[in-house]
Amino acid sequence: MKYDDRLYKFDTDMKLPLAVLDLLTAGHCMVAGGSVVRHLIGAESSDIDVFFYGVPDASLDAFHRAVGSMVMNCWAASVSPPVDGERTYPHERVILRKDGLTIDLIWCDVWDGPGKVLDGFDLTCCSVGVLDLAADGAQPPTNLQLVAAPQAVHALMTRSYTVWKNVWPTTPSRRVKYGNLGFRDATPPASMTEEDPF
């Protein structure tokens, strides 16, 4: 499995549901995006996105085992169809709900490591995640840590974002959402491109 040395690593006190902690401990996945951003700015989130990565066969197996385990534990599951911009690569997505919490499990065959997941976000402030470094073979084993792509560190320090690589059908509404969370849109008009979302 590829681990991206570009990523900044920080200690974290993010509280995650036991079901999510179990997934992270098993490896091949990370929590990333909005729920981590909200934790960092002191806002609550009832929606957690878990991204599965690594060698495609192994990560897809981990994804299927995670879905099966959560369904067995009475999580209501629904398959989410991909939006137009997400059809390029083979991927799967299942949304699970229980007790007012929504957990979105997402797998894509081109996510070979955490860095690839974080680089897939449209807004730079979202390129942050939490994973179990010990489960992913990092040394020394430090258990849960926050990881951030370089573009996210700048975005979070300045409470701003840019649309830096990817434009999805949902990007306009996401810009509004993060504006409402207090992030300034620092995207130069010429940087808006229609690129592959993964």
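As a starting point, this report considers the structure included with it. Source: prediction; values computed, not measured. (Residues numbered from 1 in each chain as written. Predicted model: local features only at pLDDT ≥ 70, side-chain atom pairs only at ≥ 80, totals over all residues. Heavy atoms only, no water.)

### Looking at the sheet that holds strand E3 (residues 47-52)
Sheet strands pair via backbone hydrogen bonds, and the direction of the pair is either parallel or antiparallel. Read from one edge to the other, the open sheet built from eight strands follows the order E1-E8-E7-E2-E3-E6-E5-E4, with strand pairing classed as mixed. The open sheet has two free edges, formed respectively by strand E1 (8-10) and strand E4 (76-79), since each of these has just one partner strand. Pairwise comparison of adjacent strand axes, ignoring direction, gives a mean angle of 30° for this sheet. When strand E7 (residues 128-132) meets strand E8 (residues 144-148), the two strands line up antiparallel, connected through five bridges. Bridging across to E8, Gly129 finds its partner in Val147. In the packing of helix H1 (residues 18-26) onto the sheet, contacts are made with strand E2 (29-32), E3, strand E6 (101-108), E7 and E8, and the angle to E2 comes to roughly 135°. Where helix H3 (residues 56-72) meets the sheet, it contacts E3, E4, strand E5 (91-98) and E6, and its direction lies at approximately 160° from that of E6. (Pairing = 2+ DSSP bridges. Helix = DSSP H or I, 4+ residues; strand = E, 2+ residues; numbered from the N terminus. Axes fitted to C-alpha atoms, helices over the stretch in contact; angles between N-to-C directions. Contact = heavy atoms within 4.5 Å.)

### Let's talk about the packing of aromatic side chains
Evaluated as defined, the whole model comprises four aromatic pairs. When the centroid spacing of 5.5 Å and the interplanar angle of 70° are considered together, the rings of Phe51 and Trp111 count as edge-to-face. Here Phe51, found in strand E3, pairs with Trp111, found in the loop between E6 and helix H4 (114-118); they are 60 residues apart in sequence, far enough to count as distant. On the basis of relative accessibility, which here comes to 3%, the residue Trp111 falls in the buried class. When the ring of Phe52 is compared with that of Phe63, the centres are 5.5 Å apart and the planes differ by 90°; the resulting orientation is edge-to-face. Taken as a pair, Phe52 in strand E3 and Phe63 in helix H3 lie far apart in primary sequence, 11 residues in all. For Phe52, a relative accessible area of 1% translates into the label buried. Judged by relative accessible area, Phe63 falls into the buried class, the value being 1%. Aromatic ring contacts, followed pair by pair, group Phe51, Trp111 and Phe121 into a single cluster. For the cation-ring pair, Arg159 lies above Phe183, with the distance from its terminal atom to the ring centre recorded as 5.1 Å. (Phe/Tyr/Trp six-rings, centres within 6.5 Å; stacked < 30°, edge-to-face > 60°. Buried < 20%, exposed > 50% of the residue type's maximum accessible area, 1.4 Å probe, protein only. Lys NZ or Arg CZ within 6 Å of the ring centre and 35° of its normal.)

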